[in-house]
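# Remarks on the overall topology
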Amino acid sequence: MKPKYTQPAIRLISHRPCNCICQRHHNAHLARSYTNSPPSAGFTHLPSRRLISLLGPDSTHYLQGVITSNISPSTARTSGFYSAFLSAQGRVLNDVFIYPFGNREEKEGWLIEVDAAEAERLAKHIKRYKLRAKFDVRVLDEGERNVWSVWKEEGWKQHGMAGPESADSEEIGCEDLRAPGMGRRLILPSDRRPEVDSPEATEESYTIRRYLRGVAEGQSEILREVALPQESNIDFMGGIDYRKGCYVGQELTIRTHHTGVVRKRILPVMVYATSDPEPQTLEYLGGDSVENVPRETSIGRWEKRGRSAGKFLKGVGNIGLGLCRLEIMSEVLVQGEAGGYKVGDEFKVEWGEDGEKAMLKIKAFVPAWHLSQTRS
């Protein structure tokens, strides 16, 4: 069944003060970079991401059995791709990018890009379950190779890699196809930078761009061993191949796909003061409103009782991501649900101890690219 859908506009505007009830930390944050909108073209180093190398003849076979994407399609992989590791219960362990990677000895291998805070844990997980498979696992030292995000409106060209490592380090990267406008990812040696005619931006600018597109990343947003891949939009972002053979966590993932029922999804959210009118456009306004909201705070109805409408995950300025019940917080119709959302319904996040509670209103926006995925 196709969802009812109203496409939200996405607009970046310069900072203006946020009229909210949580002002006590506001002045201390004004100097931070989220008073600026991210540039329409730019590049940034992502220290929040780390790399794990798998080198050896059995690396491909092993990965095929533990990730949600097909690493061995009919046409050999020549660039990176998005995927995930799941638990046996079908919950997300880590969202990852995986890149073909060899060395001068021509060993078969791959680079796994993962949340930096999770790199050692994922490497340990791989070592534990590789059994007698012939490949080596190593977490690359920080700065050995860096992860970059590059975005611009024009087309792409190969980035020059002339230098002493060029024989061993052709451009490693991929188009970031998780959502329109996410650009390209590059893995470069520590002494290289992207050769693009665009300004360098902060990682926070990259994060703002992700949030405006509803793209969750890392285990502070896609909660380890809690999040389901479809609820985290890993299916919409091209990270699941439903036609591949068996892999860890496949059973629940396939069953959810065939029943077609996904009641919750991660959506971009915008917080605003309780005295402000409901916003109609997803806008990055800066400020620090969302910084005060504890992660995983429950989202409730404004001036109404009922079950939780979702939970807040993480944010910057006045925008962020929330795991939202679609039939409550959006016009998307969910199979088997009555569809309780009505235009004008408002929602809140409330936190703190009795007598010192703080509250903001919060609104979810369904990205346009979700609709195209639903219809495909």
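In what follows, the structure referred to is the one given above.
Here's a quick rundown of the structure. (Residues numbered from 1 in each chain as written. Predicted model: local features only at pLDDT ≥ 70, side-chain atom pairs only at ≥ 80, totals over all residues. Heavy atoms only, no water.)

### A few points about the overall build of the protein chain
The helix and strand tally for the protein chain stands at seven helices and 17 strands. Within the protein chain, the fraction of its 376 residues that count as buried is 56%. Excluding contacts between residues fewer than 6 apart, the proportion of contacts in the protein chain whose partners are at least 24 apart in sequence is 73%. Summed over all atoms, the accessible surface of the protein chain reaches about 17,700 Å², with 48% contributed by carbon and sulfur. (Helix = DSSP H or I, 4+ residues; strand = E, 2+ residues; numbered from the N terminus. Buried < 20%, exposed > 50% of the residue type's maximum accessible area, 1.4 Å probe, protein only. Contact = heavy atoms within 4.5 Å. Areas by Shrake-Rupley, 256 points an atom, 1.4 Å probe, with all protein chains shown as cover.)

### Some points on helix α3 (residues 119-129)
Within the sequence span of α3, burial applies to Ala119, Leu122, Ala123 and Ile126. Projected down its long axis, α3 shows its buried positions confined to an angular sector of 100°, all on one face. In α3, the exposed positions that point more than 90 degrees away from the buried face belong to Glu120, Lys124 and Arg128. Backbone geometry just downstream of α3 places leucine 131 in the positive-phi region, at approximately 55°. (Arc of directions from axis to C-beta.)

### Points about unusual backbone geometry
Even without being glycine, glutamate 225 reaches a positive phi, approximately 60°. With respect to the helices and strands, glutamate 225 occurs in the loop between α4 (203-213) and α5 (250-259). Judged by its relative accessible area of 49%, glutamate 225 falls in the partly exposed class. Of note, glutamate 296 is a non-glycine position whose phi angle comes to about 70°, a positive value. If you trace the backbone, glutamate 296 turns up in the loop between β12 (282-284) and β13 (298-301).

### Comments concerning the sheet that holds strand β17 (residues 358-364)
The six strands lie next to each other as β11-β15-β14-β13-β16-β17, forming a closed barrel whose pairing is antiparallel. In this sheet, adjacent strand axes meet at a mean angle of 45° when their direction is disregarded. Pairing between strand β14 (residues 310-316) and strand β15 (residues 319-325): six bridges, direction antiparallel. Bridge pairing links lysine 314 to leucine 321 in β15. Along the sheet face, α4 touches β11 (264-272), β14 and β15 and points at about 145° away from the line of β14. (Pairing = 2+ DSSP bridges. Axes fitted to C-alpha atoms, helices over the stretch in contact; angles between N-to-C directions.)

### Looking at the pairing of strand β10 (residues 184-189)
Look at any regular strand and the pattern is simple: side chains alternate between the two faces of the sheet. With six of its six residues buried, β10 lies for the most part within the structure. Pairing of strand β8 (residues 145-151) with β10, which is carried by six bridges, proceeds in the antiparallel orientation. Bridging across to β10, valine 147 finds its partner in isoleucine 187.

### A look at the pattern of salt bridges
Summed over the entire model, instances satisfying the criterion amount to 25 salt bridges. In this structure, the salt-bridge partner of glutamate 251 is arginine 255, at a minimum N-O distance of 3.7 Å. One end of the pair is glutamate 251 and the other is arginine 255, both in helix α5 and four residues apart, which spans about a single turn. Here glutamate 350 makes a salt bridge to lysine 348, at a shortest N to O gap of 3.6 Å. Given the relative accessible area of 32%, glutamate 350 is considered partly exposed. Three or more residues are tied together by salt bridges with common partners; here these are Arg49, Glu113, Asp176, Arg178, Arg185, Arg210, Glu217 and Glu221. (Salt bridge = Lys/Arg side-chain N within 4 Å of Asp/Glu carboxyl O.)

### Remarks on the nonpolar core
Counting residues in each nonpolar core, the largest one holds 43 residues, and the members touching the most others are Tyr99, Leu111, Ile187, Ile222, Ile266 and Ile319. At four residues, α4 tops the list of elements feeding residues into this core. The contact partners of isoleucine 266, leaving out residues within four places of it in the chain, are Gly214, Ala216, Glu221, Ile222, Glu231, Ser232, Asn233, Leu313, Leu321, Gly322, Leu323 and His370. Among the nonpolar cores identified, the runner-up in size contains 24 residues, and Val290, Ile328, Val334 and Val349 belong to it. (Core = buried A, V, L, I, M, F, W, Y, C linked by side-chain atoms within 4.5 Å.)

### Details of the packing of aromatic side chains
Considering all chains together, one arrives at five aromatic pairs under this definition. Look at phenylalanine 43 and tryptophan 148: their rings are 5.8 Å apart centre to centre, the planes differ by 45°, and that puts the pair in the tilted class. In this pair, phenylalanine 43 is assigned in strand β2 (residues 42-45) and tryptophan 148 in strand β8, connecting sequence segments 105 residues apart. Assigned by exposure class, phenylalanine 43 and tryptophan 148 land together as buried. Ring geometry for phenylalanine 81 against tryptophan 110: centres 6.4 Å apart, planes inclined by 80°, an arrangement best described as edge-to-face. With phenylalanine 81 in strand β4 (residues 81-86) and tryptophan 110 in strand β6 (residues 109-115), this residue pair connects regions lying 29 residues apart in the sequence. The class of tryptophan 110 is buried, set by a relative accessible area of 7%. (Phe/Tyr/Trp six-rings, centres within 6.5 Å; stacked < 30°, edge-to-face > 60°.)

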